[in-house]
Amino acid sequence: MSSEHSSDGDLVEVRKAVYRPLRRGNALEDTVARLVQTIRLGVVAPGESLPPERELAASFAVSRDTVREAIRELADAGYLLPRRGRYGGTFVADPLPHPSASAAVTQEGIDDVLGLRSVLETGAVRAAASRSLDAATRADLWARHEAALPAGPEEYRRLDTLLHLAIAEAAGIPSLVALVAENRAAVNAWLDAIPLMPRNIQHSGAQHEAIVSAILAGRPDAAEAAMRDHLEGSATLLRGFLI
């Protein structure tokens with residue numbers, strides 16, 4: 001078997017790996033990350049076109065609206081170039097933008113920081129939902145959620161961070177707040193290196209509402225599940241863009 005044929009065979013396997021159904025949950029974030037993965041792996045090279053939206057939707061087992069929205073977000077971020085007309089389609093940008101993380105990013109580093117984040121923040125939200133919160137704390141949580149809803153890309157990261165820290169404070173474990181803050185600083189350094197997409201901000205707002213509502217209703221299981229879903233969406237995007 002020639003090396004060229006072997007390489008083609010490997011590419012077929014890679015295509016099978018990237019064009020497969022997504023897990024249920026964060027459909028938009030997962031679709032964005034999967035499209036970025038196809039680009040970063042070279043399955044679709046700069047200047048080449050993606051498969052049609054209908055094929056991507058079928059491969060990923062998501063709606064065409066989700067695929068269309070993911071393409072729009074990546075086009076706004078400079079990764080894709082939609083073209084109309086007879087020879088139109090969605091083309092990979094050439095050259096591609098390059099994320100500029102403030103420190104070297106490795107798979108091990110991502111796994112470590114995001115793994116710790118999951119442990120800290122799901123534990124914090126469960127603790128907060130298990131407590132009898134006073135009126136001031138309850139009002140502050142909802143106010144911080146509402147403050148982040150209309151935020152644009154310039155303000156969103158700061159307001160999002162303040163909400164997550166407020167949840168840690170509501171857990172009633174003072175030392176936990178410092179740990180969440182330190183971990184969040186590391187996460188933000190990476191989040192600042194990837195595009196902040198308007199549709200992702202809207203999705204996060206809906207997830208924040210589910211998290212805060214579950215805390216205020218005293219439902220630890222629901223709060224933890226909502227937080228886990230929220231964190232997995234961010235983790236998917238980080239891994240898709242940076243690894």
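Everything in this summary refers to the structure shown in the same document. (Residues numbered from 1 in each chain as written. Predicted model: local features only at pLDDT ≥ 70, side-chain atom pairs only at ≥ 80, totals over all residues. Heavy atoms only, no water.)

1. Thoughts on the overall build of the chain
Next, step 1: The helix and strand tally for the chain stands at ten helices and two strands.
Next, step 2: Helices and strands in the chain line up, N terminus first, as α-α-α-α-β-β-α-α-α-α-α-α.
Next, step 3: The C-alpha radius of gyration of the chain comes to 20 Å, within 12% of the 18 Å expected for a compact globule of 243 residues.
Next, step 4: Each of the three principal axes of the chain carries a C-alpha extent, and together these read 65 × 35 × 30 Å.
Next, step 5: Counting every atom, the chain has about 12,300 Å² of accessible surface; 52% of that belongs to carbon and sulfur.
Next, step 6: Across the chain, the centroid of the 26 positively charged side chains sits 5 Å from that of the 32 negatively charged ones. (Helix = DSSP H or I, 4+ residues; strand = E, 2+ residues; numbered from the N terminus. Rg over C-alpha atoms; globule rule 2.2 N^0.38 Å. Areas by Shrake-Rupley, 256 points an atom, 1.4 Å probe, with all protein chains shown as cover. Lys, Arg positive; Asp, Glu negative; His and termini not counted. Charge placed at Lys NZ, Arg CZ, Asp CG, Glu CD.)

2. A short note on unusual backbone geometry
Negative phi characterises most residues that are not glycine, and trans characterises most peptide bonds.
Next, step 1: Cis geometry is found at the peptide bond from Asp 94 to Pro 95, where omega equals 10°.
Next, step 2: Relative to the helices and strands, Pro 95 resides in the loop between strand E2 (89-92) and helix H5 (107-130).
Next, step 3: The phi dihedral of Ala 61 falls on the positive side, at around 60°, and the residue is not glycine.
Next, step 4: Relative to the helices and strands, Ala 61 resides in the loop between helix H3 (53-60) and helix H4 (64-76).

3. So, the layout of surface pockets
Next, step 1: In this structure, the largest pocket spans a volume of roughly 340 Å³.
Next, step 2: Forming the walls of the largest pocket are 14 residues, and the residues nearest its centre are Ala 33, Arg 34, Gln 37, Thr 236 and Gly 240.
Next, step 3: Those elements that place two or more of their residues in the lining of the largest pocket are helix H2 (27-40) and helix H10 (220-242).
Next, step 4: Tallying contributions element by element places H2 first for the lining of the largest pocket, with five residues.
Next, step 5: Of the residues assigned to the lining of the largest pocket, the class counts are five nonpolar, three polar and six charged. (1 Å grid on protein atoms, 1.4 Å probe; cavity = no way out; pocket = protein on both sides within 12 Å on 5 of 7 lines; lining within 4 Å. Points joined across faces, edges and corners; volume = space filled by probe spheres on them. Nonpolar A, V, L, I, M, F, W, Y, C, P; charged D, E, K, R; others polar.)

This is a description of form; function is not addressed.
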